[in-house]
Amino acid sequence: MSEFLEIIKNIDQKHGKDILNNAQQSHAILLDLAKNHVKERLLARHFVETGGYLLLKNAGRDYTIVKDRIIQQLIDQFSIEASAAAWITNIFAIVLGYEKESADNLALKTESTTTPGTVKTANPLAFANSLVVAIGMRHTVAVLKDGTVIANGNNDFLQCDVVSWEQIKAIVTGDAHTIGLMADGRVVATGRNNHDQCDVGHLEDIAGIYAHADDTICIRQDGTVVTCGKSNFNLSHFEQIHSITRHPDGVYGLRKDGLVMMSSVGWEEESWVNSLTDVVQIISTFVDGSLVLKKDGRVYKMGESDSYFAQLRDIISIVDLTDSFAVLRKDGKVRILPYDRTTPRKKSMSDDWHDITAIFGKYKRLIGLTDEGHLLATCTDPTWLKRNGSLDYLADWYPVGS
């Protein structure tokens, strides 16, 4: 990657070193000078955003210690692999005169450094049943380890009336309704029922549940699905399904073999969807498209063969937060990231979370489940907290997990 190094050198010479300490200005210049270096541009922006350039510039005799610190910051804050973090640090170290140009310093390694088979992946059959926390438009629900359910928030449509529920192993919410899956395969519901989204009492042998807005979708033990609610999706062709995700024009059905099916609405990306393999999870937004998590722990954006999301490594879960998305890493840490590669990542309370075993997100709220059964929460929109109050009550919900 000597070409990218020369670009950084030219920016340094023509614009001065101060420009390389400004993420937006330096990235704007790189957009013109390095159009074909997508991954390299993003790594450079991450490097500057962590304060890496300024730290390296003033490192002096402490260069080795500072270098290691910068690499670790890049890994922690942006969930990129160690080899990529070391590469971009070496590029700037060469520009600043700390390192000499060498084949090792100029080689951007894109393969994962994780030993094959060590990335934690969800059990496909268990994944649909692992939803022990659900987030509605203005209410939150959780399943305790004894199979009972607890709820908090707006109860205008009785969406929080779950105190009598027992033997629950999974929970989901729409905007104002709550659906519970019992251990024996039966389904219970409460809340707004203006489109019959709560008419699930007759269902049996259900293995997984999904809810969104005014819709409910249940997955039978045989992998077929049944729908209730406003949209009335045509999912008769779905088979071997273990989880469901909405997309702007319908739904994705994730099969037990890692393949993806889509509701037949003639969407442009259908051919690309049919080529997906080894998929563990999909999240989707109406504005930013869909992200795919594969068994190798990598994240890809739907319809793009190469994107900055592919730099994420060792990811075991992803959730949509509407204005951003969150990832749970193999090491139990969580990061909230922007969908738009040009948007700087904002720090969050979740940056300090550790020992997280599952994450749940919706409507700009993120909840993490610790290995001990405690819940941690944060919100990406302060105005929501002002309107609806804090999420501190979640600290008293313990122990969570079916």
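Data block above holds the structure.
If you're wondering where the values come from, they're calculated on a predicted model, not measured in any experiment. (Residues numbered from 1 in each chain as written. Predicted model: local features only at pLDDT ≥ 70, side-chain atom pairs only at ≥ 80, totals over all residues. Heavy atoms only, no water.)

Chemist: Looking at this structure, I do not really get the packing of helix 3 (residues 38-49) against helix 6 (residues 82-95). What am I missing?
Modeler: At a minimum axis distance of 10 Å, the contact between helix 3 and helix 6 shows a crossing angle of 75 degrees. The angle between the axes of helix 3 and helix 6 places the two elements in the roughly perpendicular class. On helix 6, the residues touching E40, L43, A44 and F47 of helix 3 are A84, W87, I88, T89 and F92. The residue makeup of the contact of helix 3 with helix 6, split by class, is seven nonpolar, one polar and one charged. (Axes fitted to C-alpha atoms, helices over the stretch in contact; angles between N-to-C directions. Helix = DSSP H or I, 4+ residues; strand = E, 2+ residues; numbered from the N terminus. Parallel < 35°, antiparallel > 145°, perpendicular 65-115°, else oblique. Contact = heavy atoms within 4.5 Å. Nonpolar A, V, L, I, M, F, W, Y, C, P; charged D, E, K, R; others polar.)

Chemist: Would you mind showing me how to read the packing of helix 5 (residues 63-78) against helix 6 here?
Modeler: In helix packing, the relevant descriptors are the interaxial angle and the interaxial distance, both defined with respect to the helix axes. It is the contact of helix 5 with helix 6, at a shortest axis distance of 9 Å, that shows an interaxial angle of 135 degrees. Compared by their axis directions, helix 5 and helix 6 come out oblique. Taken as a pair, helix 5 and helix 6 cross one another with a handedness that is right-handed. Residue-level inspection shows Y63, K67, I70, I71, L74 and I75 of helix 5 in contact with helix 6, the latter providing A82, A85, A86, I88, T89, N90 and A93. (Left-handed = near helix turned anticlockwise from the far one by under 90°.)

Chemist: Any chance you could explain the nonpolar core here in plain terms?
Modeler: Generally speaking, soluble globular proteins have nonpolar side chains that are buried together. Judged by nonpolar contacts, the single largest core of 36 residues is most densely connected at L56, I88 and F92. Of all the secondary structure elements, the ones that give two or more residues to this core are helix 1 (2-15), helix 2 (23-33), helix 3, helix 4 (52-57), helix 5 and helix 6. With 27 residues, the next largest nonpolar core counts A142, V162, W165 and W384 among its residues. (Core = buried A, V, L, I, M, F, W, Y, C linked by side-chain atoms within 4.5 Å. Buried < 20%, exposed > 50% of the residue type's maximum accessible area, 1.4 Å probe, protein only.)

Chemist: What is the right way to read the pairing of strand 8 (residues 215-220) from this model?
Modeler: Two faces make up the sheet, and in a regular strand the side chains alternate between them. By the criterion of burial, strand 8 is predominantly enclosed, with five of the six residues buried. The pairing of strand 7 (residues 206-212) with strand 8 spans six bridges and is classified as antiparallel. Its bridge partner lying in strand 8, I206 is registered against R220. Taken together, strand 7 and the strand that follows it, strand 8, pair antiparallel across an intervening segment of two residues, in which A213 is found at a positive phi of about 50 degrees. In this sheet, strand 9 (residues 225-229) lies alongside strand 8 in antiparallel orientation, the contact comprising five bridges. Directly across from D215, in strand 9, lies its bridge partner G229. (Pairing = 2+ DSSP bridges.)

Chemist: Would you explain the pairing of strand 19 (residues 356-362) in this entry?
Modeler: Among the seven residues of strand 19, five are classified as buried, and the element is accordingly described as predominantly covered. In terms of strand pairing, strand 19 meets strand 20 (residues 365-370) through six bridges, oriented antiparallel. Bridged to A358 within strand 20 is L369. Taking the residues that link successive antiparallel strands as the turn, the strand 19-strand 20 hairpin has two residues, and the phi of Y363 there is positive, at about 50 degrees.

Chemist: Explanation requested: the environment of A395 in the structure shown.
Modeler: Counting through the fold element by element, A395 comes out in the segment after helix 10 (382-388). Judged by relative accessible area, A395 falls into the exposed class, the value being 52%. For the pair A395 and H374, spaced 21 residues apart in sequence, the C-alpha separation works out to 6.8 Å.

Chemist: Mind showing me how you'd approach the sheet that holds strand 10 (residues 241-247) here?
Modeler: Across a sheet, strands are paired by hydrogen bonds formed along the backbone, either parallel or antiparallel in direction. Strand order in the open sheet made by the three strands is 10-11-12, with antiparallel pairing throughout. In this open sheet, the two edge strands, each paired with only one partner strand, are strand 10 and strand 12 (260-262). On average, each strand axis in the sheet is tilted by 25 degrees relative to the strand beside it, whichever way the strands run.

Chemist: In this structure, what is going on with the side chain of H177? I would like to understand it.
Modeler: Along the chain, H177 falls in strand 5 (residues 177-182). Taking the relative accessible area as the measure of exposure, H177 reaches 0% and is therefore buried. A polar atom in the side chain of H177 sits 3.4 Å from the backbone oxygen of D215. In this structure the side chain of H177 is engaged in a polar contact, spanning 3.0 Å, whose partner is the side chain of T216. (Polar contact = N/O pair within 3.5 Å; in protein donor to acceptor, adjacent residues only side chain to side chain.)

Chemist: Any chance you could explain helix 6 here in plain terms?
Modeler: An α-helix turns once every 3.6 residues. As a result, residues three or four positions apart point the same way. A rise of 1.5 Å per residue sets the reference length of helix 6, with its 14 residues, at 20 Å; its end C-alpha atoms lie 20 Å apart and thus fit the reference within 8%. Regarding helix 6, the residues found buried are S83, A84, A85, W87, I88, T89, N90, I91, F92, A93, I94 and V95. G97 sits one or two positions beyond helix 6 and adopts a positive phi of about 90 degrees. (Expected span 1.5 Å × (residues − 1).)

Chemist: When you look at the pattern of salt bridges in this model, what are you seeing that I'm missing?
Modeler: Two side chains of opposite charge can pair, provided their charged atoms sit close to one another. For the coordinates displayed, the defined rule picks out 12 salt bridges. Residues E49 and R45 are paired through a salt bridge, measuring 2.9 Å at the closest nitrogen-oxygen approach. Here the residue E49 and the residue R45 both occupy positions in helix 3, the gap between them amounting to four residues, near one helical turn. We classify E49 as partly exposed; its relative accessible area is 25%. (Salt bridge = Lys/Arg side-chain N within 4 Å of Asp/Glu carboxyl O.)

Chemist: Just checking my understanding: could you explain the packing of aromatic side chains for this structure?
Modeler: Evaluation of the coordinates by the stated rule reveals six aromatic pairs. Between Y53 and F92 the ring centres are 5.9 Å apart and the planes differ by 75 degrees, which places this aromatic pair in the edge-to-face class. Separated by 39 residues along the polypeptide, Y53 in helix 4 and F92 in helix 6 bring together distant segments of the chain. Taking the relative accessible area as the measure of exposure, Y53 reaches 1% and is therefore buried. Relative accessible area serves as the criterion here: at 1%, F92 is assigned to the buried category. (Phe/Tyr/Trp six-rings, centres within 6.5 Å; stacked < 30°, edge-to-face > 60°.)

Chemist: Just checking my understanding: could you explain the environment of T285 for this structure?
Modeler: Its place among the elements puts T285 in strand 13 (residues 279-285). Of the residues examined, T285 reaches a relative accessible area of 5% and is grouped as buried. Sequence-wise, T285 and F325 are 40 residues apart; in three dimensions their C-alpha atoms are separated by 9.7 Å. Contacts of T285, omitting those with residues within four sequence positions, involve P248, D320, T322 and Y339.

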